[in-house]
Every structure is written in structure tokens, then in C-alpha cells.
Amino acid sequence: MTDWATRIHNIVPLAIEGTVIRTLGMTVAASDFPAPINSVAEIVRPAGPPILAEVVGFRDRLTLLYPYGETNGLRRGDRVRLRRSTWQLAVGEGLLGRVIDPLLIPLDGRPLVGLNERVLLTAPPPPPCERPPICEALPTGVRAIDGLLTCGKGQRLGIFSGSGVGKSVLLGMMARFTAASRVVLALIGERGREVREFLERDLGPQGLARSVVVVATSDRPAILRVRALMVATRIAEYFRDQGHDVLLLVDSLTRFAMAQREVGLAAGELPSSRGYPPSVFALLPRLVERAGRAAAGSITAFYSVLVEGDDPHEPIADCVRGLLDGHIWLSRKLASAGHYPAIDILESLSRLMPAVTTPDHYQAALTVRQLLAAYREHEDLITIGAYRRGADKLVDCALELLDVIEGYLRQPLETPATFSEAKEHLVGLHLRVASRLGQASTKTEDQKLGGGGPTGLERETLSQFTRVPHPVTSAGDISKTNR
Ligand SMILES: Nc1ncnc2c1ncn2[C@@H]1O[C@H](COP(=O)(O)OP(=O)(O)OP(=O)(O)O)[C@@H](O)[C@H]1O
Ligand SMILES: [Mg+2]
């Protein structure tokens, strides 16, 4: 059905009125009010303006409404009137550079103009068989990501960490530095102070100019915090349908899940995993699937996930990791050492990297991963001074290049990195490693003349750097080589 046909199909007579009977937790229950789920009603108070509220469920013969604001002065017997049977969103270029709430109320003190189109809030994800494959990289301007966790246009990734490790700052860097033509940010459940900080410190005027920021702070009703992500996703879809490569940044998906938990429990759902009702786990894939590539443009999405107590098996983190095409894990240990962005490369994975990088880039990334893995395996011995150089060629090489690799992975907040620079440095590093191990092998060849020969370990090490197949160009298996 076309958008218009859908709208006409969804029309419900607006002359539906009911009566407030009682409150149930955060919801208001109305009788004789057969309004559809997700429709918006107004509750008329004797004093003060009407309260807008959304239909979130039904219990017995009552309709449950979740108010969008304070319920001061609400009384039993107040009238409830249907205002909108569907959520429609005004969209247009006028959204660029603006900070709005989920009801499209501007939070930056200027009137919102230039919204010439209306769209339904919910849209189906692109059909699976019509999605073009993801084959082109989206530069984010963050060197560690572009080089070692390259992300494709239309890919969905999670940024996972405990609190205060740098998720928001990293999202801000991407918003400022990305090559995407549009950025849509959803700030959900943040403290009010953090929003201002984010806009001024992390995003800045340069980032804001091509962005739309949808904000629902922690003090807003849970239903609006849920709507914030839906509105941001719909705005991103609008820009994608205009042919833009859109970067959707969500901070945080966990706080969205917590808000949906509040709404679900208030509507009468039973809690399942750690108090989260089933609707949370049903809603997450429906939203995440809407990002991706379409015929005209793409939505590349990064969702920050707060991992309580740094526990990676926390239910939301667990569920989200399975839904996304990659995860970036931020390490508290790196952050405490002042290593920013605190990306733990070995714990992170971009599943589509082989499809969006050239073979030399991919190979170079594998080389650096192998060095980091070798170093980590021997880190305890190295720290206490028990590692003896010469025991393992790969570890020796890692020790020698550790400063260079760290320098590559660290990036000052205000300095963008270009994609070509990220790739060239990495390929240069790979060549240094290959030549260093090659020299090691030449020495052993020399020794061979004197009766020795390259050891099995040396042969194995060399072949690692010369013959790892590129999964796309040589039909290898990323799941084996990249994890
Ligand atoms: N790239 C960086 N460079 C320098 N300092 C940083 C960087 N990233 C984070 N920090 C420091 O870490 C602090 C916390 O960062 P941030 O607010 O991004 O964490 P968070 O993971 O979003 O926290 P929360 O879970 O509370 O939302 C910042 O205030 C800053 O001091
Ligand atoms: Mg944050």
C-alpha cells in the first residue's frame, strides 16, 4: 500500500470519548474508550491544559493510557478524547541543525520551519531480498574504527561498555568527523546536564549543522523516551529515502530498553529476563532492522549499550549483540590508562569488514590483531619481566611495535582521521612486520647454510603474514579468521 492508502486505511473516527475511572501505576484507565493501541488522546482536566496520553493497552473493559506529562489535577470522571489515531511525523530539511523532543517541540528556542512532508511514525524495514548488499565503507573519522573495525554503509554496530568509559564522546567524534551526509542522533534517558555537554563539547556547531538531535532526558515519561528512538529512526529513514548516506547514533539503547520495560510493565506485561518484559525483546529487532541499505541511500547505525557492572552477559547487551552486524567494546582498563578512544580491538568485531575493505587493508588489520593477541597472551610474563626476547618471534615483533600500534589506536578528541590515512598507516605497519619477520627468516636461511634451518615456529609465523586469505576475494571464512 502507498503511504496515503495506509493512512486512509488507518483512519478511525475521532469522535471517540471516554471517562477516567482510575490510575494504575503510571497509567490512567478510561472506560468506554475503544481507541486503538498507540493512538493519542487528550485528558481534559478542570484546571490546566489537557494532558496528552498514548493508548498502551487494555485491561478488562478499560483502556490504559500513558500520559506524556504531569498528571497534577487529574480527577476520576475527567473526559478522554481521541486526538490522533496514528502517529504522523512532519519531516523536511528544516530539521537539520535542530534539537527537538519526540513530539517535535524544538528545544533550542527557535521555531521549527521547513517541514513539508508528513510520514507515519512506523515503517516496515526494507524487505530482506530487496536490500542491496553492503559493499562500501563508511568513513567515521575515528582511526581505530576505520582501520581495524571498518564499517560499511548500512551496517549496524553496538558500542558496549560500563558507565563513564567514553561511549558518548566516541559517538560525538563520529558525528563530527563522519563522511555521512546526514547525522541523526537520539539522546535517550540522559541527564539534562549531559545533553548540553554533548551538544556543546562532543557535537559542536560543525557537527550540529548537518545533524538532527532528538532528545528525551531521564525525567521525561518513559513512553516519550521510547518514542525518541522511533522518531529518530523515522527521520533517518526520511533522509535515506532522499538518497543520503545517513549515520544514526543512538545513546543509549539500554536506556531505551529500560523505558520500554516501564511502559510494558505499566501495560500489564509480566517481567521475564531481569525484569524486562517480552515486548522489549520484540521491539529491539524491529527497530534495529530498519537501519541498513536501501535502493537509494543507507542508514549506518551505532547504538551505545550500557553494560551494567561491565557484565557482557547482561540481557540487553546479550540480545543486542546477536542482532547487530558488529560490536565495539570499550575497555575501562584502557580508559583508566588514558588510552582514548578506549576501544578494545581484540574484543571488538565488524562482521562486514571483509566485504568493505581491499585485500591489503584487511590483511594489514589481521596482522595488527595477531600482534595484539600475541602481546596480550604474554602480557603477564612481560609485566613481571619473565618474558625473554627470542622466545616467540611474534611477541618480539609486538613488543617492538607496541608504541607505534598504540599511537595508531589513540586519537585526540579534536583531530579527525581520514580513511585513506587510516588505511595507509595500517598497510605500512603490516609491511614493517612482514619485513621484520622476513629478516628473521633470512637470518635463519643464513644459519641453514651452516647446517640449521628455519624452525617450524618461524615458518608458521611467516606464513601467517603472507598467506591469510581475504574472505571475500578468496571465499575464506571470516568467522574463523577474524574472531
Ligand atoms: N576520547 C576521549 N578523550 C579524552 N577523554 C575522554 C574521551 N572519552 C571519554 N573521556 C573521558 O571520560 C569521561 C566519560 O566519557 P563519556 O561520557 O563518553 O562516557 P559514557 O560511557 O558515555 O558514560 P555513561 O555510561 O555515563 O553515559 C568524559 O567526561 C571524559 O573525561
Ligand atoms: Mg554517555
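For the structure, check the block above.
Throughout what follows, the structure given in this document is the object of discussion.

Reading guide: rules and limits
Residues numbered from 1 in each chain as written. Chains lettered and ligands numbered in written order. Predicted model: local features only at pLDDT ≥ 70, side-chain atom pairs only at ≥ 80, totals over all residues. Buried ≥ 20, exposed ≤ 12 C-beta atoms within 10 Å, placed from the backbone. Helix = DSSP H or I, 4+ residues; strand = E, 2+ residues; numbered from the N terminus. Arc of directions from axis to C-beta. Contact = placed C-beta atoms within 7 Å. Expected span 1.5 Å × (residues − 1). Core = buried A, V, L, I, M, F, W, Y, C linked by C-beta atoms within 7 Å. Pairing = 2+ DSSP bridges. Right-handed = clockwise from strand over helix to strand, strands pointing away. Near = placed C-beta within 6 Å. Nonpolar A, V, L, I, M, F, W, Y, C, P; charged D, E, K, R; others polar. Axes fitted to C-alpha atoms, helices over the stretch in contact; angles between N-to-C directions.

Considering helix α7 (residues 278-288)
Those residues of α7 that sit buried are Val280, Leu284, Leu287 and Val288. An end-on view of α7 places all buried positions within 85 degrees of arc, on one side of the element. In this structure, the buried residues of α7 make contact with β10 (156-161), α5 (222-241), α6 (253-266) and α8 (315-323).

Concerning helix α4 (residues 192-209)
Its 18 residues give α4 an end-to-end C-alpha distance of only 21 Å, which falls more than 12% under 26 Å, the value for a rise of 1.5 Å per residue. Among the residues of α4, those classed as buried are Phe198, Leu199, Asp202, Leu203, Gly207 and Leu208. Contacts made by the buried residues of α4 are with β8 (98-100), α3 (167-177), β11 (182-188) and β12 (211-216).

So, the nonpolar core
One finds Ala232 and Leu248 to be the most contacted residues of the largest nonpolar core, which totals 129 residues. The greatest single-element share of this core, amounting to 13 residues, is contributed by α5.

Considerations on the pairing of β12
A regular strand carries its side chains on alternate faces of the sheet. In terms of burial, β12 is a largely internal element, 6 of the 6 residues being buried. Burial along β12 is two-sided: the face carrying Ser211, Val213 and Val215 and the face carrying Val212, Val214 and Ala216 are both buried. By the bridge criterion, 3 bridges tie β8 to β12 in an arrangement that is parallel. Paired with Ile100 across the two strands is Val214, which belongs to β12. Here 6 bridges tie β11 to β12, and the two strands are oriented parallel to one another. Each bridged residue has a counterpart across the sheet, and for Val183 the counterpart in β12 is Ser211. Note on the crossover from β11 through α4 to β12: the handedness is right-handed.

A closer look at the site of ligand 1
Residues in close proximity to ligand 1 include Ser161, Ser163, Gly164, Val165, Gly166, Lys167, Ser168, Val169, Leu306, Tyr340, Pro341 and Leu413, which together make up its full environment. Split by residue class, the shell around ligand 1 holds 6 nonpolar, 5 polar and 1 charged.

Overview of the sheet that holds strand β4 (residues 51-59)
On the basis of which strands lie adjacent, the closed barrel formed by 6 strands has the order β1-β2-β5-β4-β3-β6 and antiparallel pairing. For this sheet, the mean angle separating the axes of adjacent strands, direction not counted, is 45 degrees.

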